[in-house]
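Coordinate analysis (summary)
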Amino acid sequence: PIARHLADYRPYPFVLNETRLEFQLAPSATRVRAELALRPRAGLEDLVLDGGKGLRLISLAIDGAAPDPAHVSRDDEVLTIAAAALPDAPFTLRTEVEIDPSANTAFEGLYMSGGMFCTQCEAEGFRHITFYPDRPDVMAPFRVSIHSDKPVLLSNGNPVAQREGFAEWHDPWPKPSYLFALVAGDLVAISDRFATRSGREVDLNVWVRPGDQDRAGFAMESLIKSMRWDEDVYGREYDLDVFNIVAVDDFNMGAMENKGLNIFNSKLVLASPETATDADYERIEAVIAHEYFHNWTGNRITCRDWFQLCLKEGLTVFRDQQFTSDMRSAPVKRIEDVRTLRARQFREDQGPLAHPPRPDRYEEINNFYTATVYEKGAEVIGMLKRLVGDDGYARALDLYFDRHDGEAATIEDWLKVFEDATGRDLAQFKRWYTDAGTPRLTMAEDWDAEAGRLRLDFTQATAPTPGQDDKPPRVIPIAIGLISPNGDEVLPTQVLEMTEARQSFGFDSLGARPVVSALRGFSAPVMLERLLDDATRAFLLAHDTDPFARWEAGRDLALSALVVLSQGREAGADYVDAIGRLAADDGADPAFRALCLTLPGEEEIATRLSEQGTTPDPDAIHEARDGLARRLAEAHADLLAGLFERMAVAGPYAPDAEPAARRALRIAALGLLNRIDGGDRAEVLFGTAGNMTERMAALSCLLRRGRGQAALQAMHDRFGDNRLVMDKWFSVQVMAAPPAEAAAVAHRLARRGDFDWKNPNRFRALLGGLAANHAGFHAADGAGYDFTADWLMKMDKANPQIAARMSTAFETWPRYDATRRDRARGALGRIAAMAGISRNLREMVTRMIA
Ligand code: B3K
Ligand code: ZN
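Residues numbered from 1 in each chain as written. Chains lettered and ligands numbered in written order. Predicted model: local features only at pLDDT ≥ 70, side-chain atom pairs only at ≥ 80, totals over all residues.

Looking only at helices and strands, the protein has 26 helices and 30 strands in total. Against the 2.2 N^0.38 benchmark of 29 Å for 850 residues, the protein shows a C-alpha radius of gyration of 28 Å, consistent with a compact globule. Referenced to the eigenvectors of the C-alpha coordinate spread, the extents of the protein come out at roughly 85 × 65 × 60 Å. Counting all 850 residues of the protein, 50% fall into the buried class. Considering only residue pairs separated by 6 or more positions, the protein has 70% of its internal contacts joining residues 24 or more positions apart. (Helix = DSSP H or I, 4+ residues; strand = E, 2+ residues; numbered from the N terminus. Rg over C-alpha atoms; globule rule 2.2 N^0.38 Å. Buried ≥ 20, exposed ≤ 12 C-beta atoms within 10 Å, placed from the backbone. Contact = placed C-beta atoms within 7 Å.)

Right, dumping it as structure tokens:
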């Protein structure tokens, strides 16, 4: 295995002034002619171009002449032209290759989806299209011409010429190859216009397959909101005459920010009330924004190398989170983000795949598009903003855009703009980028009643992670508030800056002993440990002025009860009472109440147990959670039934935050009531719901009561030809299956003719659905592990990126009991021993069993 190391970076020895590409598209024999204007950077060296086995080289010329074949060599990864065959002056390299998009099942490079040509080049897909210095620090303007009989021909930048069978595009903004895109297909657009604040008129198009236009309007609205927001909040304007978005059905991830031509997984574009849930709408809005925001944070300023990936991803996630907070409810968004962070990133950080936001070694870069790079990358920026303040942040960002526009930058460059703009030394802060692992922060209180003085004693420690044993202390911003026993806030939020392994902070002139509201807004991505009794947690759930801390108090109450219950002892009375009071509080935002009424998931309970040094038992956790949910329902049956009725939204569906919040609370109530009404309410709701949000919720409830068959059939009859709805249909059956049957249900579904497994969405629906069924995936007989391993091995031959990504279902295996560990290790061992395993999957499995 060949690892790449951050320390080995050196600039490319040639400067690329311009890239010209000409495509002659044909499904199994596409011709690509490339013309690169190059010049040696300093001393003349060999010219090494990336390009794999899939490129059939037709011709090669330097300044119009074929080089001596003795000076040209190829292996599986690169084409090398010896320095002896190059002029020590600017020159033109011309190549022509033939490629086979129809055979490209990895969906990397140029491939076909539903009869259309499309591309995915990040991170290293461009090398499957032509020979090229396929690295982000080599940037050039592109001129692209396309010959094809498809009616719509798109590439990056502005259109230069369009006629039947031909189009030419010019992108004046120098860009790396990973931002290249091409689309050719039978597509229709919904179109609009946007005038930037300096007066540029931009044509906006969302391209979809004929028949899908009526589901593209929300994506367009989201795009326009994003463009305006980036001008208003970051002062960033769009810089081309057109902005195109294309929806494709076969796509390895969510979407891609190619310059001026964003390509999206159709599930993140297409939405109608009948087919998409509130969560889908919120996600579409966020991802449209995310990709659009990349135009500045990613495209105008890109990454020097792939180790710096979080430079663009962490920042762009942070920006899309700010955007959603502004469009919807900021407190609810913060709570949702923390839930995702804990479920995905803390999980990653505590297992064999832990790595820092800026890794310094990888074998396959596609394995590092992770929750740590994205979500923790965003958290780190949130901390930076908290430490330097809003003004400092704004000045640093302005300086970043001024100083690095047009460049390929590093995390060092990023931190330097903050240092220069604010005068702050960020040497210690940098550890958040270079060190893996989630710090464990403990807080103890010392109350001096005589003096009216409270002292908070903190310690921080981070457990070793693979390859990093030593974890020096980090800067941790700890937001604190103090609440008096009568519920009034006596000290509004203050940020304590912890820099040492142990540190104390004092608060004077207090009349009575206050209750401490700690880590408000989740001010740092740490695990906070403090001794707190249930009565105090219930007090915070009732009185905390910080919505995150308030929600967190309820979650802690629930988790502490669930931990005890899963160990066969009695607990939960305080929790049941406190939640009843909150549910009845009509002054509180329905979305917030919905979050509080949702019990922590089984995975989260397992994580809490293993953080406490206990081996989680998935079956016991499943029962404990079920039992507590039932008790909540029994204790508050009337209240919940009232909420279920009152939160019904009258009138036509709108995906806005306010009606979505009401539906969320209604569904949370339904989920609990479903445990005591035998599924009757769900059945009525399934039959009458006028939107997919409630229909899916009802279906899931029915399946959990073992009476979903008629509903499944009805849904299939109505939506059988809608791929996105059928993905939901596949996944809900596995997710809602009783744990002991989950693998068998998955197995049965996988044998269906419409289990089109090469489609990443369909594959994820089934395999991801199983992984999300905690006790089902971790069934003690190993059926979940074996089913997953078999499919990963099959998928690896077609699409290594998807196989590698889905293998993370196994990443927590070391924390379970010996029986499960043996079976999981056996399944992983089988994968590792597979002949012809991809670099992607091999790296993942090797790290997991190391
Ligand atoms: N930058 C792309 C992700 C590319 C993933 C390549 N395996 C989407 C995004 O983060 O916006
Ligand atoms: Zn991104």
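A word on the site of ligand 1. All residues adjacent to ligand 1 are E122, A123, M253, A255, M256, E257, H290, E291, H294, E313, N366 and Y369. Of all elements in the fold, only strand 19 (255-256) and helix 2 (278-293) reach the threshold of two or more residues within the shell around ligand 1. (Near = placed C-beta within 6 Å.)

Moving on: the UniProt feature "domain: Peptidase M1 membrane alanine aminopeptidase" (unreviewed entry) in the protein. Those residues carrying the UniProt feature "domain: Peptidase M1 membrane alanine aminopeptidase" (unreviewed entry) are residues 218-432 in this numbering. Across residues 218-432, helical content stands at 56% and strand content at 9%; the span's end C-alpha atoms are separated by 37 Å. (UniProt positions renumbered as here; feature names shortened; annotations may be inferred.)

Okay, the packing of helix 16 (residues 680-688) against helix 17 (residues 692-704) next. One way to put it is that helix 16 packs onto helix 17 with a least axis distance of 8 Å and a crossing angle of 145 degrees. Crossing of helix 16 over helix 17 shows left-handed handedness. Residue-level contacts link A682, E683, L685 and F686 of helix 16 to E694, R695, A698, L699, C701 and L702 of helix 17. Grouping the constituent residues of the contact of helix 16 with helix 17 by class yields 7 nonpolar, no polar and 3 charged. (Axes fitted to C-alpha atoms, helices over the stretch in contact; angles between N-to-C directions. Left-handed = near helix turned anticlockwise from the far one by under 90°. Nonpolar A, V, L, I, M, F, W, Y, C, P; charged D, E, K, R; others polar.)

Moving on, we get to the sheet that holds strand 26 (residues 476-483). In space, the 3 strands of this open sheet follow the order 27-26-29, with antiparallel pairing throughout. In this open sheet, the two edge strands, each paired with only one partner strand, are strand 27 (489-498) and strand 29 (515-518). Across this sheet, the average inter-strand angle for adjacent strands is 25 degrees, counted without regard to direction. Sheet topology note: the strand 26/strand 29 ladder contains 4 bridges and is antiparallel. Each bridged residue has a counterpart across the sheet, and for I480 the counterpart in strand 29 is A518. (Pairing = 2+ DSSP bridges.)

Glancing now at the environment of V78. By the secondary structure assignment, V78 is in strand 7 (residues 78-81). As a C-alpha pair, V78 and V48 span 30 residues in sequence and 6.5 Å in three-dimensional space. If we ignore the near neighbours within four places in the chain, the residues touching V78 are V48, L49, D50 and G51.

This part covers helix 11 (residues 590-597). Within helix 11, 8 of the 8 residues are buried, which leaves it mostly tucked inside the rest of the structure. Residues of helix 11 that are buried include every one of P590, A591, F592, R593, A594, L595, C596 and L597, and no others. Looking at the buried positions of helix 11, the neighbouring elements they touch are helix 4 (330-349), helix 9 (547-566), helix 10 (573-584) and helix 15 (657-673).

With that out of the way, let us pick up the environment of A354. On the secondary structure map, A354 appears in the loop between helix 4 and strand 22 (361-362). The exposure class assigned to A354 is buried, which follows from the 23 C-beta atoms found within 10 Å. Taking the C-alpha atoms as reference, A354 lies 41 Å from G487; in sequence the two are 133 residues apart. Not counting the four nearest positions on each side in its chain, A354 is found in contact with E348, D349, A436, G437, T465 and P466.

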